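A look at the structure
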Amino acid sequence: MTARSDLLSLPRQARAALVLFIKDIGQGLLVVSHNTLALVGFAVVAVGLVFASQADLRQQLEGQVLGWLNARHEARVEASGDVLALMAEPEAISRATAVDPKELTRQQALVANYLARRYRVAPEPVSRLVKEAWEVGQRARVDPTLILSIMAIESGFNPFAQSAVGAQGLMQVMTRVHDDKYEAFGGNLAAFDPITNLRVGVQVLKECIQRAGSLEEGLRRYVGATNLPDDTGYAARVLAEQDLLKAVVQGRNVSPSAPRPIREPASAPAPGGEQVAMTAVMR
């Protein structure tokens, strides 16, 4: 009977032993996992402390990771053929010399629209120049229509224009002579920034008029014809263009297809005369 009871109890004992074995294994795994997690957490904290105390090391690693991510992104974009995505620059619009003509006053808008049609240029950049001419002209006490007329005759509103003697930009200022004036704008290359060229040109124009004592003689000085027999009609062309702009400002109907004054080169000066004339004008 005892032997039979022992035989019957064997399965129960086996199950109990198996359950105990499984519990032991589970507890062991739990302890190991806790220790492992603690070790991992300790390692993370240690690495964090190291990086927190080593700014250079952190920045170097961040730079490497960012470079790797960027390289991966560029490779994917390049493979897709989307070139603009690699050169996207949302802030580029801040470099554009342009404004909405709707932001101008009525008189300014009339002038901008007229110049855009007359010289076949976009109204937005011309609007920016018209607005600047009004603001700078008010400060310098120079009629803005005179400023715009000089730009029209000198460059036809081409900000990259350059003459044979080195006059550059919208108002054809002698950059090499007026490098001191461009220092306030970062250097001579600012001559090709339309707004900077306009501002420097107005200062030069104002000085020419003050030294010459009259508008006509100031224009002769501006064009470099001080020591020449005549200015080949330069002052007359500028003033004729200004008369048209003044009529536009007054609201009169002026055709943009009227004959456009074209600047002609000044007569050849006597030996050494050109340098004297240009220096006298542009100093």
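Quick note: structure is the one above.
The shown structure was predicted, so the numbers you read here are calculated from the model rather than taken from an experiment.

**What to know about the side chain of Glu 132**
Within the fold, Glu 132 resides in helix α5 (residues 123-140). For Glu 132, a relative accessible area of 2% translates into the label buried.

**Some words on the pattern of salt bridges**
A complete count under the given rule lists six salt bridges for this structure. Two residues, Arg 95 and Glu 89, come together in a salt bridge whose shortest N-O distance is 2.9 Å. With its nearest N and O atoms 3.4 Å apart, the salt bridge here joins Arg 220 to Glu 217. Linking Arg 220 with Glu 217, this pair stays in helix α9 (residues 215-223), spanning three residues, or about one helical turn. Under the relative-accessibility criterion, Arg 220 is labelled buried at 15%. For Glu 217, a relative accessible area of 39% translates into the label partly exposed. Each of the salt bridges in this network shares a partner with another, and the network as a whole consists of Arg 128, Glu 132 and Arg 199.

**Examining the packing of α5 against helix α6 (residues 144-155)**
Contact pair α5 / α6: the axes reach a minimum separation of 8 Å and the direction vectors enclose 130 degrees. Taken as axis vectors, α5 and α6 run oblique relative to one another. Note that α5 runs across α6; the crossing there is right-handed. On α6, the residues that touch Leu 129, Val 130, Ala 133, Trp 134 and Gly 137 of α5 are Pro 144, Ile 147 and Leu 148.

Cut-offs used in this document
Residues numbered from 1 in each chain as written. Predicted model: local features only at pLDDT ≥ 70, side-chain atom pairs only at ≥ 80, totals over all residues. Heavy atoms only, no water. Helix = DSSP H or I, 4+ residues; strand = E, 2+ residues; numbered from the N terminus. Buried < 20%, exposed > 50% of the residue type's maximum accessible area, 1.4 Å probe, protein only. Salt bridge = Lys/Arg side-chain N within 4 Å of Asp/Glu carboxyl O. Axes fitted to C-alpha atoms, helices over the stretch in contact; angles between N-to-C directions. Parallel < 35°, antiparallel > 145°, perpendicular 65-115°, else oblique. Left-handed = near helix turned anticlockwise from the far one by under 90°. Contact = heavy atoms within 4.5 Å.

In short, geometric facts, not functional conclusions.
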